[in-house]
Amino acid sequence: MGRRSPSTPVVPFNNRIDNQIALAGDLGALILRSDGDLRRVRETISAALRAFGVPGTDVDVSPLGIRIATGGRTMYTRRIGAVSRNLQRLSAANALSRAIAQGMSDRDVREALIRIEAMTDRYPQWLVTLAGAAAAAGIAVLVSGAVAFFLPVLLVAYVVEVALLVLGRLGLPRWAEGMCAGAVAASVALVLRRCGLALDPGMVVTGGLVPLVPGILSATVPADLLSGAPASAAVRAAETVGTAAALASGVALVLSAHRFLGGPL
Amino acid sequence: MIAQVLCSVVASAGFAILFQAPPRRVAAGALAGGLGWALYLWLVQAGADPFAGTFAAALLVGLLSEWLARLEKDAARVFTIPGIIPLVPGTTVYQAHLAALTGHVGQAGRLAAETVLYGVAIAVGLAMARWLVQEAGAGRRHCRS
């Protein structure tokens, strides 16, 4: 890896500072899109700018985007679209942040950012699907206190995960995907109950939807409020309510139809 | 209790894989999740309030994550996210919405309030862990200088 040297700038001086601000901002954007926390994103961008030797910057981070200003002039803005929680990218971005602090060259930082952005999923799809279902089954046992829920929830969660893979190819909006997932979970739970395999369809459905419910987001909202970021809390609260409402609507739709058709609940 | 702790380890490891955690981090995250849930269960069975149990377990997960992050030179969040999974009120969020949609408004309100309280307990536990580790680090640097 090349070392930064003040006598051999990668690009002319003014462009070099612009480039370094863009590199720091892009690193922050990468962490934010991988669901890094706001404080950490702000600290990483500031540390990178300090390491680059860019003075007097003001870094503003929200779940919606990043703004870096210097001397009152906005030098960098980046809007953040969909967030995809990816701990592999978060880990790689953290390693890159350490390398920048140790003097990594601008060119190497840019190449590393491109490499991290291009990272493919580490685990095969079948393992991710199975892991999601197993996690759901584990949570169902914790919530219900009964080990008997493990297998029915494993089955429902697995079917929901597979259904989501199929729905993902249709390009549906997120709320529609959530509704469909809720409907699939409720349908499978009712079938299991009819076969005498589900003890309590309500718990089986709840467990089956665990990988999709915004649990971490709901714990992030108070964290944002406590750290003085009410706008961020509002955005995350809206996302939590939207996702949970979509899932619950799908479940309620199937349960209503089942009741309308005379099925026992 | 052993089955519950094992299930919390499975849940944490499952979410770590779901979130594409590097393989070496999956075991660490699962361990944090298992220890956090074991503490929560122990406290609740000893008569502690579930919210206090959640706070204490979140504090433990936070401290473990900060320690693992320093040990492995990685971001604490890589360990915190899988570790906190057994404690997060995800099912309560969904149940509150379902109750509201099916006309059980009182139950929906109670579940929503529970979600907020559990969320606050987790957030305060994790924030306190981060603060304690930062203060301990600052104290050590101060002693050296």
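Caption draft 1: Here's a closer look at the pattern of salt bridges. For the structure on display, the rule yields 15 salt bridges over all chains. A salt bridge links B:Arg24 to B:Glu72; the shortest N-O distance between them is 2.7 Å. Remark: B:Glu72 occurs in helix α3 (residues 50-72) and B:Arg24 occurs in helix α2 (residues 23-45); sequence separation between them is 48 residues. Overlapping salt bridges, with partners in common, bring together A:Asp37, A:Arg39, A:Glu43 and B:Arg130 in one network.

Caption draft 2: Broad picture of helix α4 (residues 106-117) of chain A. Residues and elements named next belong to chain A. Spanning 12 residues, α4 covers 17 Å between terminal C-alpha atoms, matching the ideal 16 Å at 1.5 Å per step. For α4, the set of buried residues is Asp106, Asp108, Val109, Ala112, Leu113 and Ile116. Seen from one end, α4 has its buried residues packed into an arc of 155°, which puts them on one side. Facing away from the buried surface of α4 by more than 90 degrees, the exposed residues are Arg107, Ile114 and Arg115.

Caption draft 3: Representation of the packing of aromatic side chains within the structure. Residues and elements named next belong to chain B. Applying the stated criterion across every chain, the model contains three aromatic pairs over all chains. Consider the rings of Phe15 and Phe19, whose centres lie 5.6 Å apart with planes at 50°: the pair is tilted. Neither residue differs from the other here; Phe15 and Phe19 are each classed as buried.

Caption draft 4: Spotlight on the interface of chain B and chain A. Chain B puts 46 residues into the contact, and the matching count from chain A is 54 residues. It is B:Gln20, B:Arg77 and B:Tyr94 in chain B that bury the most area against chain A; as a group they hold 19% of the surface buried on that side. Summed over the shared surface of chain B and chain A, the number is two salt bridges. The interface formed by chain B and chain A holds 10 residue pairs in polar contact (both at pLDDT 80 or more) in total. Looking at the side of chain B that touches chain A, the elements that each hand over two or more residues are α1 (2-18), α2, α4 (77-84), α5 (90-101) and α6 (105-144) of chain B. Within the side of chain B that touches chain A, the residues separate by chemical class into 30 nonpolar, 11 polar and five charged.

Caption draft 5: Just the confidence of the model for chain B, in detail. Here chain B shows a mean pLDDT of 89. Residues at 70 or above account for 96%. Of the two predicted TM-score estimates for the complex, the pTM is 0.84 and the ipTM is 0.87.

Reading the values: the criteria
- Residues numbered from 1 in each chain as written.
- Chains lettered and ligands numbered in written order.
- Predicted model: local features only at pLDDT ≥ 70, side-chain atom pairs only at ≥ 80, totals over all residues.
- Heavy atoms only, no water.
- Salt bridge = Lys/Arg side-chain N within 4 Å of Asp/Glu carboxyl O.
- Helix = DSSP H or I, 4+ residues; strand = E, 2+ residues; numbered from the N terminus.
- Expected span 1.5 Å × (residues − 1).
- Buried < 20%, exposed > 50% of the residue type's maximum accessible area, 1.4 Å probe, protein only.
- Arc of directions from axis to C-beta.
- Phe/Tyr/Trp six-rings, centres within 6.5 Å; stacked < 30°, edge-to-face > 60°.
- Contact = heavy atoms within 4.5 Å.
- Buried area = accessible area lost by both parts, 1.4 Å probe.
- Polar contact = N/O pair within 3.5 Å; in protein donor to acceptor, adjacent residues only side chain to side chain.
- Nonpolar A, V, L, I, M, F, W, Y, C, P; charged D, E, K, R; others polar.
- pLDDT = per-residue confidence, 0-100.

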